[in-house]
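What follows is the residue order along each chain.
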Amino acid sequence: MVKEARGRNLFFTTEVAATIESSNVIFISVNTPTKTFGIGAGRAANLEFVEKCARQIAQNSNSHKIVVEKSTLPVRTAEAVKRILKSATNPNASFSVLSNPEFLAEGTAIKDLLNPDRVLIGGECSEAIEQLAGIYGRWVEPERILRTNLWSSELSKLTANAFLAQRVSSINAISALCEATGADIDEVANAIGTDSRIGPKFLKSSVGFGGSCFQKDILNLVYLCEHFGLHEVAKYWEQVIVMNDYQKRRFSTRIVTTMFNTVSDKKIAVWGFAFKKDTNDTRESAAIYVCRDLLEERAKLTIYDPQVSLDKIKHDLAALMTNGSGELSENNRKLIESNVQVADSAESAALGAHAIVVLTEWDEFTTSDFASVYQSMRKPAFLFDGRNLLDRKILAGFGFEVHSIGKS
Ligand code: UDX
């Protein structure tokens, strides 16, 4: 897409000031990571980059501009953006601020862009809203373009991600009960998902959700609720994250207890490190947490992910194992250096391993040669399926001892 449009109606530039001057519509699409310092650290969104953009737009504007918030922002950020824009000194500068959150998911971004469930535009100036709607209207049906006030639009983005994450935490909570009672989580998900009011999507039990958005946006929502004194509401949403952390820890604990209460010095093949298939993104991936837990138990990890490099894996583990004052202890550094390696295929990772741990649902894992994988492993050959990706019956037929999520 980029190749086709570049130089035609898509241009990349570092001439920020001149480009602002010549633009009618400006999208702010910068990062809003969770704050790691100061007030609201660990919860609030860091709005430094958004504010810098707004200041730069104010400085370089000489006519009317539509400024579109594309970044995910706390409710009422538009208020701050508007105030900063008011500081523009050029008398011909004026602004309409719109909120137009992005709902696309990784791995399906282009599909989601071309065929969105909905486009949301929040704002106060109907002329500006219609101009932006006109751009989307070139490929999106009119009934899918929703218009709201600014604050509803900002809040809808956080709420959509909170609801999606809540579904995963809800099904994961039930997976723990399934393991205790003999019910099967995939059967339960299928049974409830056929109720048209509940629907089948986002009910896949897993080792825990990851990615750059869910945790960040819920923490942000929790912070907002607390800011407005809504402590019960804050606690309610915070529980989605508590449950996700529990699910990750529960999985690694199950690995250790099943393997005779020790994984020390045992080779464990880790299949998948990305937070979901078809992406090389590892941000908040459950794999980082599970690998950290196994490393702390002194396991020897051989990781295979078709898209994630050894450097990235080591960097993620070091970041998680760094203490509050930003230091990686000598002990942890040595553990990562000596107990983590990568393999160039799922099969070679499993060579001589005591266990396979599936942490990302890559399609290629389903077509592995399980007969020879089993032959090449230590016995009993454990397989812990954190994505319920593989067929338990077939694997058991080869001789594996299989442990899946939400299945006793
Ligand atoms: C998400 C939202 O879907 C998207 O609308 C928003 O714009 C950005 O955040 P993304 O982070 O790319 O997109 O991934 P998504 O497909 O939503 O999955 C998030 C996490 O939940 C992944 O770790 C995934 O494995 C997990 N998940 C998802 C489950 O464990 N079970 C499910 O049923 C669905």
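Calculation rules
Residues numbered from 1 in each chain as written. Predicted model: local features only at pLDDT ≥ 70, side-chain atom pairs only at ≥ 80, totals over all residues. Heavy atoms only, no water. Near = heavy atom within 4 Å. Polar contact = N/O pair within 3.5 Å; in protein donor to acceptor, adjacent residues only side chain to side chain. Areas by Shrake-Rupley, 256 points an atom, 1.4 Å probe, with all protein chains shown as cover. Helix = DSSP H or I, 4+ residues; strand = E, 2+ residues; numbered from the N terminus. Nonpolar A, V, L, I, M, F, W, Y, C, P; charged D, E, K, R; others polar. Domains from an automatic or database assignment. Core = buried A, V, L, I, M, F, W, Y, C linked by side-chain atoms within 4.5 Å. Buried < 20%, exposed > 50% of the residue type's maximum accessible area, 1.4 Å probe, protein only. Contact = heavy atoms within 4.5 Å. Pairing = 2+ DSSP bridges. Axes fitted to C-alpha atoms, helices over the stretch in contact; angles between N-to-C directions. Disulfide = S-S within 2.5 Å. Salt bridge = Lys/Arg side-chain N within 4 Å of Asp/Glu carboxyl O. Phe/Tyr/Trp six-rings, centres within 6.5 Å; stacked < 30°, edge-to-face > 60°.

K.L.:
For this particular structure, what's the right way to read the site of the ligand?
P.N.:
Inspection of the region around the ligand gives 20 residues, with Phe103, Glu106, Lys204, Ser206 and Arg387 positioned closest. In the model, a nitrogen atom of the ligand is placed 2.8 Å from a nitrogen or oxygen of the lysine 204 main chain. Within the side chain of serine 206, one N or O atom sits 2.7 Å away from an oxygen atom of the ligand. Bound to the protein, the ligand loses 89% of the 670 Å² it would expose on its own. Ranked by residues supplied to the shell around the ligand, first place goes to helix α7 (residues 150–181) with four residues. Of the residues assigned to the shell around the ligand, the class counts are 11 nonpolar, three polar and six charged. Per-domain counts for the shell around the ligand show at least three residues from each of domain 1 (2–148) and domain 2 (214–404).

K.L.:
Mind showing me how you'd approach the nonpolar core here?
P.N.:
Across soluble globular proteins, you tend to see nonpolar side chains buried next to one another. The biggest cluster of nonpolar side chains holds 57 residues, and the ones touching the most others in it are Trp271, Ile356 and Phe400. Here the element with the most residues in this core is helix α11 (residues 286–296); it accounts for eight residues. Aside from chain neighbours lying at most four places away, what touches isoleucine 356 is Ala269, Trp271, Ala350, Val373, Met377, Phe382, Leu383, Phe384 and Phe400. By size, the runner-up hydrophobic cluster in this structure holds 35 residues, among which are Val50, Leu73, Ile84 and Leu158.

K.L.:
Quick question: what am I supposed to make of the side chain of threonine 72 here?
P.N.:
Tracing the chain through its elements places threonine 72 in the loop between β2 (64–69) and α4 (77–85). With relative accessibility at 12%, the residue threonine 72 sits in the buried group. Contacts of threonine 72, omitting those with residues within four sequence positions, involve Thr32, Lys157, Leu158, Lys216 and Asp217.

K.L.:
Hey, could you run me through the sheet that holds strand β11 (residues 401–404) in this one?
P.N.:
Note on sheets: strands pair through backbone hydrogen bonds, and any given pair is parallel or antiparallel. An order of β8-β7-β6-β9-β10-β11 is seen for the six strands of this open sheet, with the pairing classed as parallel. Looking at which strands have only one partner, the edges of the open sheet turn out to be β8 (340–342) and β11. For this sheet the average axis-to-axis angle between neighbouring strands, irrespective of direction, equals 20 degrees. In terms of strand pairing, strand β9 (residues 355–358) meets strand β10 (residues 382–385) through four bridges, oriented parallel. Each bridged residue has a counterpart across the sheet, and for valine 358 the counterpart in β10 is aspartate 385. Its contacts with the sheet place helix α12 (residues 310–320) against β7 (300–304) and β8, and it is angled at close to 155 degrees to β8. Along the sheet, helix α13 (residues 330–339) contacts β7 and β8; its crossing angle with β8, the most-contacted strand, is approximately 30 degrees.

K.L.:
How should α12 be read in this particular structure?
P.N.:
For an α-helix the count is 3.6 residues per turn, leaving residues at separations of three or four pointing the same way. Ile313, Lys314, Asp316, Leu317 and Ala318 are the residues of α12 that are buried. Residues of α12 that are buried sit in contact with α11, β7, α13 and β8.

K.L.:
Can you walk me through the state of the cysteines in this structure?
P.N.:
Simply put, the disulfide is a covalent bond whose two ends are the sulfur atoms of two cysteines. This structure, assessed with the given rule, holds zero disulfides. Here cysteine 53 is not cross-linked by a disulfide; its sulfur's nearest cysteine counterpart is in cysteine 213, at 18 Å.

K.L.:
Whenever I open this one, the environment of phenylalanine 365 confuses me. Can you help?
P.N.:
Within the secondary structure, phenylalanine 365 sits in the loop between β9 and α15 (370–376). Separated by 18 residues in the primary sequence, phenylalanine 365 and glutamate 347 have C-alpha atoms spaced 9.1 Å apart. Look past the residues within four positions of phenylalanine 365 in its chain and what remains in contact with it is Trp271, Gly272, Tyr304, Ala346, Val358, Thr360, Phe370, Leu389 and Leu390.

K.L.:
Where do I start with the pattern of salt bridges in this structure?
P.N.:
Two side chains with opposite charge may pair up if their charged atoms get near one another. Across all of its chains, the model carries 27 salt bridges by this definition. Taking the shortest distance from any N to any O, the salt bridge between glutamate 226 and arginine 43 comes out at 2.8 Å. Of this pair, glutamate 226 sits in helix α9 (residues 214–227) while arginine 43 sits in the loop between β1 (25–28) and α3 (48–60), and the two are 183 residues apart along the sequence. Overlapping salt bridges bring together Asp184, Asp186, Lys204 and Lys407 as one network.

K.L.:
In this structure, what is going on with the packing of aromatic side chains? I would like to understand it.
P.N.:
To describe a pair of aromatic rings, you give the distance between the ring centres and the angle between the ring planes. Scanning the entire structure with this criterion turns up 12 aromatic pairs. Here tyrosine 236 and tryptophan 237 contribute two aromatic rings whose centre-to-centre distance is 5.1 Å and whose plane-to-plane angle is 85 degrees, an arrangement assigned as edge-to-face. Taking relative accessible area as the criterion, tryptophan 237 reaches 10% and is therefore assigned buried. Summarising the aromatic geometry, the rings of tyrosine 374 and phenylalanine 400 are spaced 5.3 Å apart at their centres and angled 70 degrees between planes, so their arrangement reads as edge-to-face.

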